[in-house]
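Next come the chains, spelled out residue by residue.
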Amino acid sequence: MAAATSMMPVFGHQISPKNDLVPDWTRQEVSTGTTIMAVEYDGGVVIGADSRTTTGAYIANRVTDKLTPIHDRIFCCRSGSAADTQAIADVVTYQLGFHSIELDEPPLVETAANLFKASCYRYREELMAGILVAGWDRRKAGQVYCVPIGGMLVRQPVAVGGSGSSYIYGFMDSNYKPGMSKEQCLELTSAALTLAMERDGSSGGVVRLASISEDGVERRVILGNQLTKFSTH
Amino acid sequence: MALANVLEIPAAGFSFENAPRNAALEGLLDGVQTPKPLKTGTTIAGLVFKDGVVLGADTRATSGEVVADKMCAKIHYISPNIYCCGAGTAADTEKTTDLLSSNLAIFSLNSGRNPRVVMAVNILQDMLYRYHGQIGASLILGGVDCTGNHLYTVGPYGSVNKVPYLAMGSGDLAALGILEDGFKPDLELEEAKELVRASIHAGIMSDLGSGNNIDICVITRKGVDYIRPYQESQYKDSRKLKYKYRPGTTPILTEKVVPLKLEVVHETVQQMDSA
């Protein structure tokens, strides 16, 4: 259901005759070619991401944290250009914080998602940002909203994003069932991310997971050697 | 909105009017590329150790294929507790770090506090993101403040990474290899200095754009130790001869004087009546 995601061409057009002396990764913008995922369960959401940030073919940061807190119970998963997504996340954090203080109430996830959409849509020509907004609020409990490149906004029970997401749509469609528990969601997310990281060159490193509910946020990291091993290799 | 037929004085700063056109051109024509931030020759590295942060850099500044400065300072002062290594376009890193340093000095005077490393990072990120990569500065910021020891890197497009160790510049792959192999959390001071020195040395040996001496800057709660140079290049040369010539070195064999014939032209000035 997500709009066609034209991913940052991290391997694409760099093969050019002029590039022999200076490797192309020195001149590429930093991209979070990535895999991100968010799942709703009854009582909250589970979000996950890989940890690789690339500049062309070079891994600029192998332990990136792409799960960015926007508010106490609202997180966003960032994919696309690192600079753009960091800037948008900063702007929305400020706007949401201000709004929440004005209302004297914790903000709604839908509000955060709409703030992301507003920025991503208005500046769609200049930005390269695909974001998943996920969190818990009192009105609708756990929610996941997808704001892909271009600035669409849609609520989904499960959403994936980033360059590695193409490899796990099938896995996600066949393994997600409504009414899963938090532990099942964590298993599903970590398995999906592992599979995507195996196949996508721009995703890798460790798996970062977080679960958000009324009681708070629990974060964990699954290191490379602790990931589930699948049978094709 | 300005009218199309009224002359507009261009605003100060970078103009991005041509950015969409350039992007379209890049797509249409093969091989046409808009200029990207240049990574000129440098190896810089930094790591967090038990008592603070160690930053290291080589000292070569290149201008094309020629070494422009053999002893340039790539570790810039930001505030008493924060220093910054700069890679990329030398002018950009100089000016950006100067601007940051001035802003933080004003903040310190206004608030009576030492600036925190996150402040410096946020200011840099804002500025570099606003300029969309036109300012070619890749910076490693390290410092010690009341919240601990921090090392951040800011890229030319405005992306920030908080890391325990890092290398940047054209020699970064070699330097990072040494750092990846030798880094452990909570190193002692001498080990940390030696590791940074070894990583810059690897960058110098493996990259043509890096060379000459190695500078090290150690920042701890107690203060800053800026050791310049920490290690001198073993390939220094000394000039064997003097290249000044005394008058009379070239003997004069003959002298011939030829007067120039000048034509004297009669000159009159006539005043014009302006009607």
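Sequence positions are assigned chain by chain, starting from 1 and proceeding in written order. Lettering of chains starts at A and numbering of ligands starts at 1, both following the order in which they are written. Confidence filtering applies because this is a predicted model: local features only for residues at pLDDT of at least 70, side-chain atom pairs given and counted only at 80 or more, and all residues used for totals across whole chains, interfaces and linings. The basis for every side-chain value is the complete set of heavy atoms in the structure, and neither hydrogens nor water enter the calculation.

*Asks:* Is there a simple way to explain the overall build of chain A in this structure?
*Replies:* For chain A, the helix and strand inventory stands at 4 helices and 13 strands. The long-range fraction of contacts in chain A, counting pairs at least 24 apart against all pairs at least 6 apart in sequence, stands at 63%. Areas reported here follow the Shrake-Rupley algorithm with a probe of radius 1.4 Å; residue values treat only the protein chains shown as occluding. As displayed, chain A offers around 10900 Å² of accessible surface, 53% of which is attributable to carbon and sulfur atoms. Under the scheme used here, helices are H or I runs from DSSP no shorter than 4 residues and strands are E runs no shorter than 2 residues, and both carry numbers assigned from the N terminus. Note on contacts: a residue pair qualifies if any of its non-hydrogen atoms lie within 4.5 Å across the two residues.

*Asks:* Can you walk me through the packing of aromatic side chains in this structure?
*Replies:* To describe a pair of aromatic rings, you give the distance between the ring centres and the angle between the ring planes. Residues and elements named next belong to chain B. Here a pair means two rings of Phe, Tyr or Trp (six-membered ring of Trp) with centres within 6.5 Å. Their orientation is stacked below 30 degrees between planes, edge-to-face above 60, and tilted elsewhere. This structure, assessed with the given rule, holds 4 aromatic pairs over all chains. Ring centres of Tyr77 and Tyr83 lie 5.6 Å apart, and the angle between their planes is 80°; this geometry places the pair in the edge-to-face category. Exposure remark for Tyr77: the relative accessible area of 43% places this residue in the partly exposed category. Per-residue accessibility, obtained with a 1.4 Å probe over protein chains only, is compared with the maximum for each type, and a residue is labelled buried under 20%, exposed over 50%, and partly exposed between these values. Overall, Tyr83 belongs to the buried group, its relative accessible area being 10%. Just above the ring of Tyr152 sits the side chain of Lys162; from NZ or CZ to the centre is 5.3 Å. Only Lys NZ and Arg CZ are tested; either one counts as a charge over a ring when it is within 6 Å of the ring centre and within 35 degrees of the ring normal.

*Asks:* Any chance you could explain the side chain of A:Ser190 here in plain terms?
*Replies:* Within the fold, A:Ser190 resides in helix H4 (residues 182–199). Sequence-distant contacts of A:Ser190, defined by excluding residues within four places in its chain, comprise A:Leu209, A:Ile222 and A:Thr228.

*Asks:* Looking at this structure, I do not really get a nonpolar patch on the surface. What am I missing?
*Replies:* Only residues whose relative accessible area exceeds 30% and that form no salt bridge are eligible for patches; like-charged ones are grouped when within 9 Å, while nonpolar side chains (Val, Leu, Ile, Met, Phe, Trp, Tyr) are grouped when within 5 Å. In what follows, salt bridge is the name for a side-chain nitrogen of Lys or Arg lying within 4 Å of a carboxyl oxygen of Asp or Glu. On the surface, B:Leu25, B:Leu28 and B:Leu29 cluster together into a nonpolar patch covering about 290 Å² of accessible area. In this structure, B:Leu28 sits in helix H1 (residues 19–28).

*Asks:* Explanation requested: unusual backbone geometry in the structure shown.
*Replies:* Note: most peptide bonds trans; most residues except glycine with negative phi. Here the amide bond leading from B:Arg228 into B:Pro229 is cis, since omega sits at 0°, within 30 degrees of zero. Looking at the element boundaries, B:Pro229 is found in strand S12 (residues 223–231). One non-glycine residue, A:Asp104, lies in the positive phi region at around 60°. Residue classification places A:Asp104 among the exposed residues on the basis of a relative accessible area of 71%.

*Asks:* I tried to follow the pairing of strand S8 (residues 129–137) of chain A on my own but got confused; where do I start?
*Replies:* Looking along a regular strand, one sees the side chains alternate between the two faces of the sheet. All names here are of chain A. Counting buried residues in S8 gives 9 out of 9 residues, a clear majority hidden from the surface. In short, DSSP must find at least two bridges between two strands for them to pair. As paired elements, strand S7 (residues 74–81) and S8 share 7 bridges and run antiparallel to each other. The residue of S8 that forms the bridge with Ile74 is Gly135. Judged from the 7 bridges that link them, S8 and strand S9 (residues 141–147) form a sheet pairing that is antiparallel. From the neighbouring strand, Trp136 faces S9, where its bridge partner is Gly142.

*Asks:* What should I look at first to understand the sheet that holds strand S12 (residues 207–213) of chain A in this one?
*Replies:* Note on sheets: strands pair through backbone hydrogen bonds, and any given pair is parallel or antiparallel. Residues and elements named next belong to chain A. Spatially, the 5 strands line up as an open sheet ordered S11-S2-S3-S12-S13, and their pairing is antiparallel. Each having just a single partner strand, strand S11 (158–161) and strand S13 (216–222) make up the two edges of the open sheet. Taken pair by pair, the neighbouring strands of this sheet meet at an average axis angle of 15°, ignoring direction. Here 7 bridges tie S12 to S13, and the two strands are oriented antiparallel to one another. Its bridge partner lying in S13, Arg208 is registered against Val221. What counts as an axis is a line fitted to C-alpha atoms, over the stretch in contact for a helix, and the angles between N-to-C directions run from 0 to 180 degrees.

*Asks:* In this structure, what is going on with the pattern of salt bridges? I would like to understand it.
*Replies:* Here the idea is simple: oppositely charged side chains can pair when their charged atoms come close. Residue and element names in this part refer to chain A. In the structure shown here, the tally under the stated rule is 12 salt bridges over all chains. A salt bridge links Glu110 to Lys140; its shortest N-O distance comes to 3.0 Å. With Glu110 in helix H2 (residues 109–122) and Lys140 in the loop between S8 and S9, the pair connects residues that are 30 residues apart, well separated along the chain. Among the salt bridges present, the one from Glu218 reaches Arg220, with a minimum N-O distance of 3.8 Å. If you follow the salt bridges from partner to partner, you end up with Lys182, Glu218 and Arg220 in one network.

*Asks:* Which parts of the structure should I look at to understand the sheet that holds strand S10 (residues 165–168) of chain B?
*Replies:* Residue and element names in this part refer to chain B. Strand order in this open sheet of 5 strands is S10-S1-S2-S11-S12, and the pairing throughout is antiparallel. On the outer flanks of this sheet lie S10 and S12, each paired with one strand and no other. Strand-to-strand twist across the sheet, computed as the mean angle between neighbouring axes with direction ignored, equals 10°. In this structure, strand S1 (residues 44–48) lies alongside strand S2 (residues 52–58), joined through 5 bridges in antiparallel fashion. Across the sheet, Ile44 pairs through a bridge with Ala57, a residue of S2. Contacting S1 and S10, helix H4 (residues 172–182) crosses the sheet at an angle of about 165° to S10.

*Asks:* Even after reading the chapter, I still don't get the packing of H4(B) against helix H5 (residues 189–206) of chain B, so can you show me in this structure?
*Replies:* The geometry of a pair of packed helices is captured by two quantities: the angle between their axes and the separation between those axes. All names here are of chain B. Close contact between H4 and H5 brings their axes to 7 Å; oriented N to C, the two are set at 150°. Judged by the inter-axis angle, H4 sits roughly antiparallel to H5. As H4 packs across H5, the resulting crossing turns out to be right-handed. Seen from H4, the contacting residues are Ala174, Ala175, Ile178, Leu179 and Gly182; seen from H5, they are Leu195, Ala198, Ser199, Ala202, Gly203 and Ser206. Here the nonpolar group is Ala, Val, Leu, Ile, Met, Phe, Trp, Tyr, Cys and Pro; Asp, Glu, Lys and Arg are the charged ones; every other residue, Gly included, is treated as polar. For the contact of H4 with H5, the per-class residue count stands at 7 nonpolar, 4 polar and no charged. Orientation categories follow fixed angle ranges, with anything under 35 degrees roughly parallel, anything over 145 roughly antiparallel, 65 to 115 roughly perpendicular, and all other angles oblique. Crossing chirality is assigned from the near helix's rotation relative to the far helix, an anticlockwise turn below a right angle marking it left-handed and a clockwise turn marking it right-handed.

*Asks:* Help me understand the nonpolar core in this model?
*Replies:* One broad rule of soluble globular proteins: the nonpolar side chains tend to lie buried together. Residues and elements named next belong to chain A. In this description, a nonpolar core means a group of buried Ala, Val, Leu, Ile, Met, Phe, Trp, Tyr and Cys residues linked to one another through side-chain atoms lying within 4.5 Å. Formed by 22 residues in total, the largest nonpolar core has its most connected members in Ile70, Ile74, Cys76, Ile88, Phe116, Ile131 and Val133. Where this core is concerned, the elements lending two or more residues are S7, helix H1 (82–103), H2, S8 and S9. The element that contributes the greatest number of residues to this core is H1, accounting for 6 residues. Setting aside residues no more than four positions away along its own chain, Ile70 makes contact with Phe75, Cys76, Ala89, Val92, Thr93, Leu96 and Phe116.

*Asks:* For this particular structure, what's the right way to read the packing of H1(A) against H2(A)?
*Replies:* Residues and elements named next belong to chain A. In the contact formed by H1 and H2, the axes pass within 10 Å of each other and the chain directions differ by 135°. For the element pair H1 / H2, the angle class is oblique. The two elements H1 and H2 cross, and the hand of that crossing is right-handed. Mapping the contact onto sequence places Ile88, Ala89, Val91, Val92, Gln95, Leu96 and His99 in H1 and Thr111, Ala112, Leu115, Phe116, Ser119 and Cys120 in H2. Residue composition of the contact of H1 with H2, grouped by class: 9 nonpolar, 4 polar and no charged.

By themselves, these are just geometric observations and shouldn't be taken as functional.
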